[in-house]
Amino acid sequence: MRPARTALCLRLTLALGLALVGPMAVGWASARAPIYVSSWAVRVSQGYQEVDRLARKFGFVNFGQVGGTQIDGRRREDIFPDGQYFHLRHRGVVQQSLTPHWGHRLRLKKDPKVQWFQQQTVQRRVKRSLVVPTDPWFSKQWYMNNEMQSDLNILQVWSQGLSGQGVVVSVLDDGIEKDHPDLWANYDPLASYDFNDYDPDPQPRYTPSDENRHGTRCAGEVAAMANNRFCGAGVAYNTRIGGVRMLDGTITDVIEAQSLSLQPQHIHIYSASWGPEDDGRTVDGPGILTREAFRRGVTKGRGGLGTLFIWASGNGGLHYDNCNCDGYTNSIHTLSVGSTTQQGHVPWYSEACASTLTTTYSSGVATDPQIVTTDLHHQCTDKHTGTSASAPLAAGMIALALEANRPAGEALAPIPILPVMHVRKNVSACAGHANSIRSLEHVQVQLSLSYSRRGDLEISLTSPMGTRSTLVAIRPFDVSSQGYNNWIFMSTHFWDEDPRGLWILGLENKGYYFNTGTLYRYTLLLYGTAEDMTARPSGPQVTSNACVQRDTEGLCQECHSPAYILGHLCLAYCPPRYFNHTQQAVTAGPGHSAVPAMRVCSSCHSSCYTCRGSSPLDCTACPPQSMLDEQQGSCSGLHPAEGHSHSTATACPYPHGPAQAVVLSLLAMAFGTPPPLPCSPHGLPAAMDGTP
């Protein structure tokens, strides 16, 4: 149920592992070391005779050219036209090994006729068929196991390899049982805090009546582990989950604001299932500090993309309550979620109101099935009810959508880490758009990688202006083999630099020669300002009492200098889609009255977002889905992503405004509609994430 002022669902999901990991994998266990086989790919330009000589010399068996297909008994057709790549095997090498064969590596490396070689490794690939978790209670999860015709479409989304990786969800409530068998692997301490006792541990307070079970139940709906043969599965079972304990004590405006402001650049989605009394006579909402927390979240959270606040709409239907009298669900900054029963009926507790954005499944009458999730004391339950159960389902679906909406540059193929490795990425920093960056402040690098001895790996970042910053030097006492799991490194060494150009991520083994590792994800995040940020206010400023003369229709004919005329307004500067210029004065003549020179805002060409004139070649910035040709001054269609597929760079916010504007498409994906990929200029991701 949704207790009045005593229950809050905050769920936090963070990327855990491989971008191409199959949906059956759970957590960081997916980041396994490469398995080497007894095959080599070799490039030799001299052809068959030279390869046969090489094979006899080192004991290989020559299986012929890579890509060669036999057309008849004699003639072959080569997919690689130069015919220089060959497939060799060695019968004296074990079929599978966790380490490469160093003897053959040295022999091939010394041979002057060998231009390139690579010992082959097992590529982990899965068939993207419909995957059904093995968890014993998944059969009870009727709302997503295809038991009913119009379920939440979760299995189909999982079959696309989506499981919530890269997304952080936090549940604001009465705490979460972080050591629960279905939650511990996804638990994220950075997305968690106890604001009742002011300590980092969100573990709930246990009582004989177990009244503090609400947050744990909400968290399990989002991020319960899959395929661990326990309970059921969360909607986004590979997200990182956090919990905020804030409802088990005195609740104040300060505590609510602190909870909603926890780690806004780390947490993507906050899930809350609480609010004022649902008694049909209360009209109440957030205080001053909480309203400010909402505003800052949607404008500055999630790297400028906007925090997503998911809110249960309320359970006061029996009292004829209306959720528009609840200032939390009625806020433009929250996504209000109602409930529907298994039969698609309006449940008895539902509150009707215009602010509800969507509904998901929950309980109905006593005989209807309810929601399966985690429970206190390391248990499971199939009795979670009300809109409290609906909101976390929506949070999980949005987490899947955020993962799906990452640009292709972040759907990564794992890359083996070489002894010295440089990952290059060209960055435009949203040049030509309203939120471009010309002067850097903070720079972050988010990395997911495995390494056999983490402390031996030095990581650096070099800017386009040549500044090299060591993100982490060797740490002799760090012998962990866990690597970095979406760890964010920050540097201030690039302050005031121009970020546009080639960035280089450096990875170098400074320790044991036989160290190995794999790079799974690399995201570059840039923070800074435009050059004229301090000189220009945040929006067009109306200059009051600046109009000197108006015509009969109320349109301004003359403004006090230096204001510009736009319709009936006098503005300090012209808004997007307009440019400022001065119309020439017209002297009086026969039959014509004199017209003074006027400073006016005139329309840009329809293809431009900002411009310096009315021509299509006068654009200075382009609308979303378009790209600026700076030399021509024109806007063209969507530009394909640039750079290496194994890196991303995020600089500018989502071009379509607040986070709420994106969510309809996110929910549509989870309900079966193909998700739109949010585009940002020059192929850069509009979400971390990626997301996520």
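Here the structure is a predicted model, which is why all the values come from computation and not from measurement.

Rules used throughout
- Residues numbered from 1 in each chain as written.
- Predicted model: local features only at pLDDT ≥ 70, side-chain atom pairs only at ≥ 80, totals over all residues.
- Heavy atoms only, no water.
- Core = buried A, V, L, I, M, F, W, Y, C linked by side-chain atoms within 4.5 Å.
- Buried < 20%, exposed > 50% of the residue type's maximum accessible area, 1.4 Å probe, protein only.
- Helix = DSSP H or I, 4+ residues; strand = E, 2+ residues; numbered from the N terminus.
- Pairing = 2+ DSSP bridges.
- Axes fitted to C-alpha atoms, helices over the stretch in contact; angles between N-to-C directions.
- Polar contact = N/O pair within 3.5 Å; in protein donor to acceptor, adjacent residues only side chain to side chain.
- Contact = heavy atoms within 4.5 Å.
- Expected span 1.5 Å × (residues − 1).

**Student:** I would appreciate a short explanation of the nonpolar core in the present structure.
**Tutor:** Nonpolar side chains in soluble globular proteins generally cluster together in the buried interior. Formed by 47 residues in total, the largest nonpolar core has its most connected members in Y143, I154, W158, V169, I269, I310 and L400. When contributions to this core are tallied by element, the ones reaching two or more residues are α3 (154-158), β8 (168-173), α4 (214-223), β12 (308-312), β13 (334-340), β15 (371-375) and α7 (386-404). In terms of nonpolar packing, the next biggest core, distinct from the first, is built from 27 residues, V443, L449, F489 and F494 among them.

**Student:** It is not clear to me how the sheet that holds strand β23 (residues 501-509) should be interpreted in this structure. Could you clarify?
**Tutor:** Within a sheet, adjacent strands bond to each other through the backbone by hydrogen bonds, running parallel or antiparallel. Here we have four strands laid out as an open sheet, ordered β18-β23-β20-β21, and antiparallel in their pairing. On the outer flanks of this sheet lie β18 (420-427) and β21 (468-472), each paired with one strand and no other. On average, adjacent strands in this sheet sit at an angle of 20 degrees to one another, irrespective of strand direction. When β18 meets β23, the two strands line up antiparallel, connected through eight bridges. Counterpart to M421 in the pairing with β23 is L507.

**Student:** Honestly, the side chain of N515 in this entry has me stumped. Any pointers?
**Tutor:** Mapped onto the fold, N515 is located in the loop between β23 and β24 (517-529). Look at N515 and you get buried, because its relative accessible area is 10%. Side-chain polar atoms of N515 contact the side chain of S452, separated by 2.9 Å. In this structure the side chain of N515 is engaged in a polar contact, spanning 3.2 Å, whose partner is the side chain of N509. Once residues lying within four places of it in the same chain are set aside, the contact partners of N515 are Y451, S452, R453, D456 and N509.

**Student:** Explain the environment of Y206 to me, please; I cannot follow it from the model alone.
**Tutor:** Within the secondary structure, Y206 is located in the loop between β9 (193-194) and α4. Along the backbone, Y206 and H377 are 171 residues apart, and their C-alpha atoms lie at a distance of 9.0 Å. A distance of 2.5 Å separates polar atoms of two side chains, one belonging to Y206 and the other to E177. A distance of 3.1 Å separates polar atoms of two side chains, one belonging to Y206 and the other to Q203.

**Student:** Would you take a moment to explain unusual backbone geometry for this structure?
**Tutor:** Trans peptide bonds make up the majority, and among non-glycine residues the majority have a negative phi. Even without being a glycine, N153 presents a positive backbone phi close to 65 degrees. Here N153 is to be found in the loop between β7 (116-121) and α3. With a phi angle near 55 degrees, Y198 is a residue other than glycine that sits in the positive phi range. Along the chain, Y198 falls in the loop between β9 and α4.

**Student:** In this structure, what is going on with α7? I would like to understand it.
**Tutor:** At 3.6 residues per turn, the α-helix brings residues three or four places apart onto the same side. In this model, α7 (19 residues) spans 28 Å end to end at C-alpha, consistent with the 27 Å of a helix rising 1.5 Å per residue. Burial analysis of α7 places 19 of its 19 residues in the buried class, which makes it a mostly covered element.

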